[in-house]
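Coordinate analysis (summary)
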Amino acid sequence: PMQTVLVADDDPHIRDVVCFALDKAGFKTETARDGREALERANSGKFDLLVLDIMMPEMEGTEVCRELRGDSALPVVFLTSRDDEIDRIVGLELGGDDYVTKPFSPRELVARVKAILRRSGMQAAALTAGGLIEYGHLKLDLDSRKAWWDGREVALTATEFGLIRALMGKPGKVFLRAELMQLGYEIGRIVSDRTIDSHIRRVRRKFAAQGGAPIQTVHGIGYKIAAC
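These notes cover the structure that comes with them. Everything quoted here is computed from the prediction, not taken from an experiment. (Residues numbered from 1 in each chain as written. Predicted model: local features only at pLDDT ≥ 70, side-chain atom pairs only at ≥ 80, totals over all residues. Heavy atoms only, no water.)

1. Quick notes on the sheet that holds strand β11 (residues 215-218)
Strand order across the open sheet formed by 3 strands is β10-β12-β11, with antiparallel pairing between neighbours. Lying at the two open borders of the sheet, with one neighbouring strand each, are β10 (175-176) and β11. As paired strands, β11 and strand β12 (residues 222-225) are joined by 4 bridges and run antiparallel to one another. In the strand pairing of β12, Ile 215 is matched with Ile 225. Packing against the sheet, helix α7 (residues 158-169) makes contact with β10, β11 and β12, and its axis sits at approximately 70° to β12. (Pairing = 2+ DSSP bridges. Helix = DSSP H or I, 4+ residues; strand = E, 2+ residues; numbered from the N terminus. Contact = heavy atoms within 4.5 Å. Axes fitted to C-alpha atoms, helices over the stretch in contact; angles between N-to-C directions.)

What follows is the structure in structure tokens.
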């Protein structure tokens with residue numbers, strides 16, 4: 001079925017460019033003109049992904065994402081005109097799956113949207129026929145992309161789910177950051193160590209809220225699934 005993307009930006013030209021590129025790639029698109037409208041529409045449950053500008057009236061994109069992550073794992077791609085790594089990391093820690101810096105290539109944006117939707121909708125079926133994997137108190141449903149700690153659900157973004165699934169795939173193995181970059185991101189681009197660390201911190205906070213600690217840091221090397 002055709003997937004639907006919500007494009008939220010206060011600049012009508014940017015909305016038109018993004019929608020044109022996504023429509024041409026086979027997506028259905030709808031738009032929001034400010035942050036509050038974006039949050040209301042994103043919470044409707046009808047969208048497969050949100051392209052979200054950071055600087056918007058009514059409510060900034062980072063606040064929209066923070067509110068959305070309270071009860072939704074809707075994939076989010078940030079649009080930002082600020083070429084500052086700290087700002088990007090902050091955005092990802094709030095639960096964004098990726099970011100594109102303005103001015104951007106529409107083709108690159110479409111590639112990233114496709115990669116995130118591929119992770120969120122198809123990766124699970126390719127990884128296992130049974131759909132459920134468990135390790136101690138941690139359980140993942142790869143078909144629905146849901147995660148639980150000791151029976152309590154933990155809402156994860158597509159990228160966060162992909163990272164925890166990769167770690168669970170080989171308990172005891174220490175994954176280098178470079179390996180997690182390849183497993184967590186399906187398009188050929190450079191992702192910094194700090195971006196991976198940002199996602200890992202976000203996953204840890206979410207599980208800690210449910211009393212869990214599923215990821216162990218192996219200093220100087222990378223990460224592994226913790227005995228749980």
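Moving on, there is more to tell.
2. What to know about the nonpolar core
Among the nonpolar cores identified, the biggest contains 24 residues, and Leu 140, Ile 164, Leu 180 and Phe 207 are the most heavily contacted of them. Listed by contribution, the elements that provide at least two residues to this core are β7 (138-141), β8 (146-149), α7, α8 (177-184), α9 (193-208) and β12. Per-element tally for this core: the top contributor is α7, with 6 residues. Ignoring sequence-local partners within four residues, the contact set of Phe 207 consists of Leu 138, Ala 147, Trp 148, Trp 149, Val 154, Leu 156, Gly 212 and Pro 214. (Core = buried A, V, L, I, M, F, W, Y, C linked by side-chain atoms within 4.5 Å. Buried < 20%, exposed > 50% of the residue type's maximum accessible area, 1.4 Å probe, protein only.)

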